Amino acid sequence: MKRDRNVKIVATLGPASNDYDMIRALHEAGADVFRLNMSHGDHSEIAARHAIIRQVEKDLNSPIAILADLQGPKLRVGTFEKGEEDLQNGAAFRLDLQDLPGDINRVTLPHPEIFQALEPGARLLVNDGKIRLKVQSCGSDFAECVVEAGGMISNRKGVNVPDVVLPLKALSAKDRADLEFACNLGVDWLALSFVQRPEDVYEARALANGRAAVLSKIEKPAAVTAFDEILRVSDGIMVARGDLGVELPVQAVPPIQKQLVRKCRAAAKPVIVATQMLESMIESPMPTRAEVSDVANSIYEGTDAIMLSAESAAGLFPIEAVTTMNNVAIEVERDPTYTAILEASRSVQGKSVADSIVAAAREIAETTDVKAIACFTSSGTTASLTARERPRVPIIALTANISTARRLSLTWGTNCVITGPVDRFKTAVVAAVRAAVGQGFAEESDQITVTAGVPFNQAGTTNILRVAPCEERLIFRSEPDS
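Rules behind the numbers
Residues numbered from 1 in each chain as written. Predicted model: local features only at pLDDT ≥ 70, side-chain atom pairs only at ≥ 80, totals over all residues. Heavy atoms only, no water. Pairing = 2+ DSSP bridges. Helix = DSSP H or I, 4+ residues; strand = E, 2+ residues; numbered from the N terminus. Axes fitted to C-alpha atoms, helices over the stretch in contact; angles between N-to-C directions. Contact = heavy atoms within 4.5 Å. Buried < 20%, exposed > 50% of the residue type's maximum accessible area, 1.4 Å probe, protein only. Lys, Arg positive; Asp, Glu negative; His and termini not counted. Salt bridge = Lys/Arg side-chain N within 4 Å of Asp/Glu carboxyl O. Polar contact = N/O pair within 3.5 Å; in protein donor to acceptor, adjacent residues only side chain to side chain.

Draft legend 1. Broad picture of the sheet that holds strand β13 (residues 213-218). With parallel pairing, 8 strands are arranged side by side around a closed barrel as β1-β2-β3-β12-β13-β14-β15-β16. Mean inter-strand twist for the sheet, computed between neighbouring axes without regard to direction, equals 25°. Here β13 runs beside strand β14 (residues 236-240); their pairing, made up of 4 bridges, is parallel. Within β14, the position partnered with Leu215 by the bridge is Gly236. Against the sheet, helix α12 (residues 318-334) touches β1 (8-13) and β16 (305-308), its axis set at about 160° to β16.

Draft legend 2. Structural detail: the side chain of Glu333. Relative to the helices and strands, Glu333 is located in helix α12. Arg5 is the oppositely charged side chain nearest to the buried, salt-bridge-free Glu333, at an N-O distance of 6.8 Å. Reaching out from Glu333, the side chain makes a polar contact with the backbone nitrogen of Asn6 at a distance of 2.7 Å. Every residue in contact with Glu333, bar those within four places of it in the chain, is listed here: Arg5, Asn6, Val7, Ile299 and Tyr338.

Draft legend 3. Inspection of the environment of Trp189 at higher detail. Summarising the element assignment, Trp189 is placed in strand β12 (residues 189-192). The class for Trp189 is buried, based on a relative accessible area of 4%. The sequence separation of Trp189 and Ala213 amounts to 24 residues, and the corresponding C-alpha distance is 4.7 Å.

Draft legend 4. Region of the structure containing the pattern of salt bridges. For the structure on display, the rule yields 33 salt bridges. Measuring nitrogen to oxygen at the nearest pair gives 3.0 Å for the salt bridge that ties Asp32 to Arg5. Of the two residues, Asp32 sits in the loop between α1 (20-29) and β2 (33-37) while Arg5 sits in the segment before β1, which places them 27 residues apart along the sequence. Judged by its relative accessible area of 7%, Asp32 falls in the buried class. Residue Asp355 is joined to Arg388 by a salt bridge in which the shortest nitrogen-to-oxygen separation is 2.9 Å. Separated by 33 residues along the polypeptide, Asp355 in helix α14 (residues 353-367) and Arg388 in helix α15 (residues 381-388) bring together distant segments of the chain. Residue classification places Asp355 among the buried positions, given a relative accessible area of 11%.

Draft legend 5. Here's a closer look at the sheet that holds strand β6 (residues 106-108). Spatially, β6-β5-β9-β8-β7-β11 is the arrangement adopted by the 6 strands of the open sheet, whose pairing is mixed. Edge positions in the sheet fall to β6 and β11 (159-160), since each of these pairs with one other strand and no more. Sheet topology places strand β7 (residues 123-126) next to strand β8 (residues 131-138); 4 bridges connect them, and they run antiparallel. Within β8, the residue paired with Arg123 across the bridge is Lys134.

Draft legend 6. Here's a closer look at unusual backbone geometry. Not every positive phi belongs to a glycine, and Asn61 is a case in point at roughly 50°. Examined against the element boundaries, Asn61 turns out to sit in the loop between α2 (43-60) and β3 (65-69). Given a relative accessible area of 67%, Asn61 falls into the exposed group. Not every positive phi belongs to a glycine, and Arg390 is a case in point at roughly 50°. Here Arg390 shows up in the loop between α15 and β18 (395-399).

Right, dumping it as structure tokens:
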């Protein structure tokens with residue numbers, strides 16, 4: 001489906017977006033990727049949503065990416081005898097492994113891995129950081145803490161431990177079962193929660209075994225520290241600002257977001273900016289001005305995608321939320337400042353033939369009257385490298401692999417078109433101009449740039465660039481019979 005913008009929109013599905021009519025309406029309004037949150041809903045519900053997305057994709061002849069977001073290890077306190085307690089600033093409070101109801105003095109923290117990693121001075125943040133505890137002394141089964149920021153603590157509230165790398169795998173037993181289910185279902189992307197180190201990604205990649213691309217969620221300080229290594233072994237990144245803003249000072253999140261987005265672009269790997277982007281639209285048909293600015297700033301930074309969570313999953317105005325994101329993106333991308341920022345932040349990357357081909361295609365598009373860059377891609381790499389250049393003209397990614405087209409739906413600027421098998425460059429050029437004209441990117445009197453690789457249908461062989469007329473008669477007159 002042709003969009004009037006380059007940045008992609010990810011919409012989370014849930015109770016508010018659970019049937020065919022709503023999911024189709026969300027895609028038509030601008031959602032390019034649908035997120036299935038494995039923390040909510042059983043496998044039958046997830047499978048039903050997946051089937052609806054694929055039916056919408058078929059009915060609209062529009063490739064759609066499906067992202068399964070794995071829950072990750074959830075750290076929570078136990079229960080309280082009274083259900084809740086009011087912790088006062090400066091009071092002593094103990095966390096331990098005793099399987100007893102909690103009170104004003106202590107509560108169970110049923111995660112021995114935390115105690116193994118804790119050191120005096122470490123902080124524990126409870127209930128999204130509303131309660132802050134500082135460790136005074138600790139052992140293998142307890143932590144004596146002082147309350148730095150008090151408040152009501154109640155049953156099974158979440159715990160964040162920002163100051164240490166926990167000896168926890170990113171995949172719990174539930175996650176491994178969910179991963180296998182999602183891969184068998186046929187999702188395109190797997191989002192890995194609470195990544196701390198590259199080894200967490202290795203495990204997910206081994207289990208996925210090529211059936212889905214792996215996207216690492218950056219939401220812990222340890223992941224920020226090890227980001228370069230995590231990016232190297234990941235297929236994509238999500239800047240998950242919710243937990244990141246709990247575990248780090250909130251003022252640290254914006255510069256980190258900018259740094260991560262820029263590094264992802266340099267690596268030609270898609271990046272999503274997520275969490276609370278249009279939070280007020282859960283209950284309001286209009287966003288706040290600050291939320292609009294947040295969405296706009298993420299787009300100005302050059303992110304590949306922006307994401308809705310509860311706004312589309314459980315909010316009262318899911319279509320309005322997607323429409324708002326779509327409209328903000330269109331307006332930002334019309335601003336000459338947007339193009340200037342992207343071009344100023346472009347850096348020379350790579351020395352391969354493919355790098356040179358896509359850079360040349362972008363330069364031709366900027367200096368001539370070329371209407372689009374059409375790239376044939378088997379694995380998606382050529383389209384991703386082209387998107388890294390952030391060209392001023394549309395990118396048409398042509399592929400015979402539906403799985404490649406779906407995965408590329410997350411990548412900036414890519415308009416994915418499924419083609420039949422191509423074995424000659426002239427055939428490829430004809431297919432490219434038909435797609436450009438048919439999708440409304442060019443007219444017969446225009447020209448486009450075509451990139452491809454010979455031999456065809458092999459990953460990593462991009463080695464041809466041609467400026468081609470969109471009038472087929474001229475193609476057959478001017479192109480060599482190859």
